[in-house]
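A structural walkthrough
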Amino acid sequence: MLNEKVRSEYARWLNSGKVDADTKKELLSIQDNEQAIAERFSFPMQFGTAGLRSTMAAGISKMNVYTVAHTTRGLADLILQTNAQDRGVAVAYDSRNNSQLFAKTAARVLAAYGIKVYFFESIRPTPELSFAVRHYGCIAGINITASHNPKEYSGYKVYWEDGAQLPPEHAKTVSDAVAKADIFDDVEFADFDQAVADGIINIIGKETDEAYIRAVLDCRICPEVTAQYGNSLNIVYTALHGTGYRLVPEVLRRAGITNLRTVERQMIPDGNFPTVQSPNPENRECFDLAVEMIRRENVDCELIIGTDPDGDRIGVVAKDKNGDYFALNGNQIGAILIDYIIKGRKQQNRLPADACAIKSIVSGNLFDAICDKAGVQHINVLTGFKYIGEKIKEFEETRSATFIFGYEESHGYLSGGYVRDKDGVAASLLVAEAASFYKKQGKTLGQVLDELYGEYGYYKEAVLNTVIRGIDPMAVMAEKMRSLRTEGLTEIAGTEVVAVRDFLSGVRKDLKTGQTEPTGLPESDMLYYELADRAAVIVRPSGTEPKIKVYILTTADSEAECDNRLNKYKTAMKTMINE
């Protein structure tokens, strides 16, 4: 049975004079489906530092023009409180269905409250939105995107004046303002075309592209190797129907790579993502069309690069020692890139004495080993690229270190401070440059990876995603995390847990001595289990989706032992999380 509050909210939407006819038709289609009504109206989407993300449908828990407008009303309150309406908000959107509609909705609400808007003329990569915030001196930025999620999803990311995603205190201000404002009665809209004519909405495009491209090209380390060897790689690129379709080929061309093949069917922006089940460049199947094209045309291709729909993450497919194509995972790409950056900078005499590389705490530890051997400082931050962005800002303000690279295992990379988010456009160039650097030495990226394992030992990782279903998945996830804390794991798959880091309490506890110390990182609902064999198992709820995520990090002297450890921890954690 639906509770009265849910039934009342459903009826309010159905009977409101401010709800459009198509939405009402959609609502009428579920009038006899209590489960569907409950899923859409029981709980509003939670606005956090990652913004909003959900499937597109009518209701307070879904992405639609009304929830987008309501959230923008809350952001407008924050901007007006800081008296920064004249600085403006940059607004961008990706290739997903309804992205332009939602972006225009956000712009109309901002304009209605006298807040200046810089509105991209067409789809753009997420990193260019971060760049635009800084380039135009905006107080904030909005990007309509659901990154790599399936076609049913949309999302609403908010950035602050430094180009990083909204800090927690500002996210709370927005969330509180949204809670106080009625979704229909307290939201005003300007006419989009009139606001453009009045100069409050400013259309931006190619001039911003040019400034952004220059910033990306300025991050090159050994530009001459790309010009000399890039064409011999026979690179293939796919945009996976997203925003990278134009800027990635252009950046590679300006770097000297004119021999670039593209997967034409996937270069067409399309929110239905017709050639892939999910447009996630982490998945090897996203590159099937590229590999088919290479084999059909009999091309000696050494490198395939793909970007996700909003162009902030990349996937890489390379040749192994047998000449077969394999997908590098996010940690392997990160290890190859930090190794190249250090070696390339040393070769150019451009490695600062205070160089610092950053990764998320759930990312692989081969990165640490490479930095340690090279004498390069490295630090861990919480999951979310905004934490890497915060460190870049800190380094610039305190001059305590020089940022050279940051990455997350989920295929996000950045090697310059011109933006405060991961950049798939720049990462595509960086991977091409690294491949060119090693091509000069007669090596493929697959061979480079094998050499890293030979030098540092084997490091392998896995990520388990357990989808939590139901009306209130957030409550289920919270209960699972509470249960893990209550149980107090002392072993996983027969291996002793030697220490536990609880980032919610901020304490690391040595289970042998009982001694405690601060984790050194901000509060987060995450448990980090350190195991006796140097492996680590990390559990946290996703910040953007109804999922419990488990990260497993292993290392061993042999590949077989590394695989064995990885598989036994995967089996144990699958059982534990699904209980």
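As shown above, the structure is provided for reference.
Values in this document were obtained by computation on a predicted structure and should not be read as measured data.

So, on to the overall build of the chain. Regarding its fold elements, the chain presents 19 helices and 23 strands. For the chain, the C-alpha atoms occupy an extent of roughly 70 × 55 × 50 Å along the three principal directions. Expressed as a percentage of its 579 residues, the buried residues of the chain come to 59%. For the chain, the share of sequence-separated contacts (at least 6 apart) that also reach a separation of at least 24 residues comes to 70%.

The terminal C-alpha atoms of helix α16 (residues 424-439), which comprises 16 residues, lie 22 Å apart, in line with the 22 Å expected from a rise of 1.5 Å per residue. Burial analysis of α16 places 15 of its 16 residues in the buried class, the great majority of the element. Two or three places before V425, at the start of α16, stands the capping residue D423, its side-chain oxygen 2.9 Å from that residue's backbone nitrogen.

In this fold, T554 is placed in strand β23 (residues 547-556). What T554 contacts, discounting residues up to four positions off in sequence, is Y458, Y459, K460, A535, C562, R565, L566 and Y569.

To continue, consider the sheet that holds strand β9 (residues 303-307). In space, the 5 strands of this open sheet follow the order β8-β7-β9-β10-β11, with mixed pairing throughout. The outermost strands of the open sheet, each flanked by one partner alone, are β8 (260-262) and β11 (325-328). Direction aside, the axes of adjacent strands within the sheet are offset by 25° on average. Of the strand pairs in this sheet, strand β7 (residues 235-238) and β8 are connected by 3 bridges, and their pairing is parallel. Pairing of I235 across the sheet is with L260, part of β8. Contacting β7, β9 and β10 (314-319), α16 crosses the sheet at an angle of about 170° to β9.

Here N83, not a glycine, exhibits a phi torsion of approximately 55°, which is positive. With respect to the element layout, N83 can be found in the loop between α4 (65-81) and β2 (89-93). Its relative accessible area of 63% is what places N83 among the exposed residues. The residue H241 is not glycine, and still its phi comes out positive at about 70°. In this structure, H241 sits in the loop between β7 and α11 (244-254).

Procedures and definitions
- Here the residue index of a chain counts from 1 through its sequence in written order.
- Only residues with pLDDT of at least 70 get local features here, since the model is predicted, and only at 80 or more are side-chain atom pairs given and counted; chain-wide, interface and lining totals rely on the full set of residues.
- The side-chain quantities take in all heavy atoms of the structure and omit both hydrogens and water.
- Going along the chain from the N terminus, every DSSP run of H or I of four or more residues is numbered as a helix, and every run of E of two or more is numbered as a strand.
- When a residue's accessible area, from a 1.4 Å probe over protein chains only, is under 20% of the maximum for its type it is buried; when over 50% it is exposed; and in between it is partly exposed.
- Whether two residues are in contact is decided by their heavy atoms: any pair within 4.5 Å suffices.
- Here the expected span of a helix is defined as 1.5 Å times the quantity of residues minus one.
- Here a polar contact means two N or O atoms within 3.5 Å. Within protein one must be a hydrogen donor candidate and the other an acceptor candidate, and residues neighboring in sequence count only if both atoms are side-chain atoms.
- When DSSP finds two or more bridges between two strands, those strands count as paired.
- Whenever a helix is involved, its axis is fitted only over the stretch in contact; in every case the axis is a line through C-alpha atoms, and angles between N-to-C directions fall within 0 to 180 degrees.

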